[in-house]
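Survey of secondary and tertiary structure
Take a look at the letters that make up each chain.
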Amino acid sequence: MPSYLVTGAAGFIGRSIAAALLARGETVRGIDSFITGKRANLVGLEAMEFIEGDLADPAACAKACAGVEIVFHEAALASVPRSVADPVGTNRNCVDATLNLLVAARAAGVRRVIYAGSSSAYGESPTLPKHEQMLPAPISPYAVAKLAGEHYMGAFTRVYGLETVVLRYFNVFGPHQDPTSHYSGVLAIFCRRMLAGQQPTIFGNGEQSRDFTYIDNVVHANLLAAAAPAEKVSGRTMNTATGSRITLNETFAILRELTGYSGQPAYAEERAGDIRDSLADIRLAGELLGYKPIVDFREGLRRTAEWYRGGGGQE
Ligand code: UD2
């Protein structure tokens, strides 16, 4: 039976992948530094072997990769504004960490690394939907760092023959996403605030759009990427999304219904490094993985709001 490593296992996406693997009875190890991960996210993952460690430390990477066959690399500082405030920190925790992990994975004889790419790679190019043949045009330090990780994946496949798969996630949301930081994803922040009767703030005019992707779809794509034949997927980059988009203003209106919040949003200046519209072409993941979304946006948002309503994500 293969053994799996999940990096960022105390983070939102990492813990969700680990939970799905454990539910299948797999052997799972997780690593997290708790820079943004939360101990509360490890509740329910007691069957996972857990290492507290920082991937920027090569020794921690070596320890994490020992005896592992497949790595899901989810650890990152996942925020555009955080990277604008601290580009060096983002580089360390995204680029240095990814390179160290790849070096350790190769040395340990890991077979495959599946990498959490970001839709931010597409940047400001006006074409919609975004497809994988488009030239990347990152505009924030975060986007540059996540894209550098993608390129390292490709290089390790070409140069060393390590199997790598890049899944370019589009604005993932769902239960366990931290709502407490101003660097958190917008839907987590909005759910928390609106359920507490607090006014959310929309940066810009609210007409920016995103291909918001419910977490179960991302977990599903990862499991498919782990199982797919190397000749089909190794060295490839695939959008992981729903293939539809919605504006923040429209999303706010749905959340009003779901949360019972009766006020209006505040509007503030647009955020530096933000892109306006994001929408994925998901045909390639369909062809290579047999991926298609399993939970749509509205249902995902309903489940998410329910989770926060039930007390999830409280500090
Ligand atoms: C980027 C990536 C996403 C993922 C993420 C990091 C794009 C299109 N997406 O997400 O794939 O890598 O980074 O986890 O690059 N906003 C508000 N009010 C708030 C918070 C945010 O209006 O309180 C706005 C924000 O200005 C932006 C939108 O909501 O226009 C989405 O922001 P986000 O931080 O949730 O995600 P984003 O798009 O930077």
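Residues numbered from 1 in each chain as written. Predicted model: local features only at pLDDT ≥ 70, side-chain atom pairs only at ≥ 80, totals over all residues. Heavy atoms only, no water.

Notes on the nonpolar core
Within the largest apolar cluster, 66 residues are counted, with the highest numbers of intra-cluster contacts made by Phe72, Leu167, Met238 and Leu289. Contacts of Leu289, omitting those with residues within four sequence positions, involve Leu167, Ala221, Leu224, Ala225, Ala228, Val233, Met238 and Leu284. One finds Cys61, Ala104, Ala105 and Leu162 within the second-largest nonpolar core, a separate group that totals 23 residues. (Core = buried A, V, L, I, M, F, W, Y, C linked by side-chain atoms within 4.5 Å. Buried < 20%, exposed > 50% of the residue type's maximum accessible area, 1.4 Å probe, protein only. Contact = heavy atoms within 4.5 Å.)

A closer look at the site of the ligand
Residues in contact with the ligand amount to 23 residues; listed here are only the nearest, Tyr142, Val186, Thr201, Arg210 and Asp274. Within the contact set of the ligand, a nitrogen atom lies 2.9 Å away from a side-chain nitrogen or oxygen of Asn171. Taken by itself the ligand offers 760 Å² of open surface, and the protein chains cover 90% of this. The set of elements that each furnish at least two residues to the shell around the ligand consists of α6 (186-195) and β8 (201-203). The class makeup of the residues in the shell around the ligand is 12 nonpolar, 8 polar and 3 charged. (Near = heavy atom within 4 Å. Polar contact = N/O pair within 3.5 Å; in protein donor to acceptor, adjacent residues only side chain to side chain. Areas by Shrake-Rupley, 256 points an atom, 1.4 Å probe, with all protein chains shown as cover. Helix = DSSP H or I, 4+ residues; strand = E, 2+ residues; numbered from the N terminus. Nonpolar A, V, L, I, M, F, W, Y, C, P; charged D, E, K, R; others polar.)

Considering the packing of helix α9 (residues 248-259) against helix α11 (residues 297-309)
Orientation of α9 relative to α11, taken along the N-to-C sense of each, is 50°, at an axis distance of 10 Å. What the angle tells us is that α9 and α11 run oblique. When you trace α9 past α11, the crossing you get is right-handed. In contact with Thr251, Ile254, Leu255, Glu257, Leu258 and Thr259 of α9, α11 contributes Phe297, Arg298, Leu301, Arg302, Ala305 and Arg309. Within the contact of α9 with α11, the residues separate by chemical class into 6 nonpolar, 2 polar and 4 charged. (Axes fitted to C-alpha atoms, helices over the stretch in contact; angles between N-to-C directions. Parallel < 35°, antiparallel > 145°, perpendicular 65-115°, else oblique. Left-handed = near helix turned anticlockwise from the far one by under 90°.)

Details of the layout of surface pockets
What the second largest pocket holds in volume is close to 320 Å³. Listed by contribution, the elements that provide at least two residues to the lining of the second largest pocket are α5 (141-160), β6 (163-169) and β11 (236-240). When residues of the lining of the second largest pocket are assigned to their parent elements, the largest contribution, 7 residues, is made by α5. (1 Å grid on protein atoms, 1.4 Å probe; cavity = no way out; pocket = protein on both sides within 12 Å on 5 of 7 lines; lining within 4 Å. Points joined across faces, edges and corners; volume = space filled by probe spheres on them.)

Remarks on the environment of Arg39
Counting through the fold element by element, Arg39 comes out in the loop between β2 (27-32) and β3 (49-52). Residue Arg39 is classed as exposed on the basis of its relative accessible area, which comes to 52%. Residues Arg39 and Ala56, 17 residues apart in the sequence, show an inter-C-alpha distance of 20 Å. In this structure, Arg39 is in contact with Phe34 and Glu52, ignoring residues within four places of it in sequence.

Considerations on the packing of helix α2 (residues 58-65) against helix α4 (residues 87-108)
Relative orientation of the contacting elements α2 and α4 amounts to 40°, with a least axis distance of 8 Å. Between α2 and α4, the angle is such that the two are oblique. Regarding α2 and α4, the two cross each other, and that crossing is right-handed. The segment α2 lies against α4, with Pro58, Cys61, Ala62 and Cys65 engaging Asn100, Leu101, Ala104, Ala105 and Ala108. The class makeup of the residues in the contact of α2 with α4 is 8 nonpolar, 1 polar and no charged.

Structural notes on the pattern of salt bridges
Scanning all chains against the criterion turns up 17 salt bridges. Of the charged contacts, one joins Arg24 and Glu26 as a salt bridge, the two residues approaching to 3.0 Å between their closest N and O atoms. (Salt bridge = Lys/Arg side-chain N within 4 Å of Asp/Glu carboxyl O.)

Considering unusual backbone geometry
For the bond running from Leu128 to Pro129, omega is -10°, close enough to zero to count as cis. Here Pro129 shows up in the loop between β5 (112-118) and α5. Its identity is not glycine, yet Phe34 carries a phi of approximately 65°, on the positive side. For Phe34, the position within the fold is in the loop between β2 and β3. Exposure remark for Phe34: the relative accessible area of 17% places this residue in the buried category.

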